[in-house]
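Chain by chain, the residues run as shown.
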Amino acid sequence: MACKFLLATIALAALSGLSDAPALAQGHMGSPQEQQACSRDASRFCRKDLGNDGAVQGCLQANRAKLSKSCSKVFQSHGM
């Protein structure tokens, strides 16, 4: 469950323009590098879900085969 929350906050933070800010200072758990890795994929595949952390994370997983290598690596690094 923690991994799902982490990935959802990564996507949300990246899409909220927080990818350049320190992650923990903004209340997000993902590193700036992880946020950046998935921000373009979240914008491309999950635009309708932006603002809903769980939905964005689920959307990214549903589009796993289409994700960039960098975003796929984020999912893999969290055992997903």
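Relevant structure appears above.
Conventions adopted
- Residues numbered from 1 in each chain as written.
- Predicted model: local features only at pLDDT ≥ 70, side-chain atom pairs only at ≥ 80, totals over all residues.
- Heavy atoms only, no water.
- Helix = DSSP H or I, 4+ residues; strand = E, 2+ residues; numbered from the N terminus.
- Expected span 1.5 Å × (residues − 1).
- Bend = angle between axes of the 7 residues up to and from the residue.
- Buried < 20%, exposed > 50% of the residue type's maximum accessible area, 1.4 Å probe, protein only.
- Contact = heavy atoms within 4.5 Å.
- Disulfide = S-S within 2.5 Å.

## Overview of helix 2 (residues 32–45)
Side chains of residues three or four places apart in an α-helix project in the same direction, reflecting 3.6 residues per turn.
Right, on to step 1. In this model helix 2 runs 20 Å from its N-terminal to its C-terminal C-alpha over 14 residues, within 8% of the 20 Å that 1.5 Å per residue would give.
Right, on to step 2. A maximum bend of about 35° is found in helix 2 at Cys38.
Right, on to step 3. Among the residues making up helix 2, those that are buried are Glu34, Gln35, Ala37, Cys38, Ser39, Asp41, Ala42 and Phe45.

## A few points about the side chain of Ser72
Right, on to step 1. Its place among the elements puts Ser72 in helix 4 (residues 69–77).
Right, on to step 2. The contacts of Ser72, once residues within four sequence positions are left out, are Arg64 and Leu67.

## Things to note about the state of the cysteines
Right, on to step 1. The full count for this structure, using the stated rule, is 2 disulfides.
Right, on to step 2. In this model Cys38 forms its disulfide with Cys71; the gap between the sulfur atoms is 2.1 Å. Across the S-S bond of Cys38 and Cys71 the torsion is about 100°, and the bridge reads as right-handed. Here Cys38, found in helix 2, pairs with Cys71, found in helix 4; they are 33 residues apart in sequence, far enough to count as distant.
Right, on to step 3. When its relative accessible area of 2% is taken as the criterion, Cys38 is described as buried.

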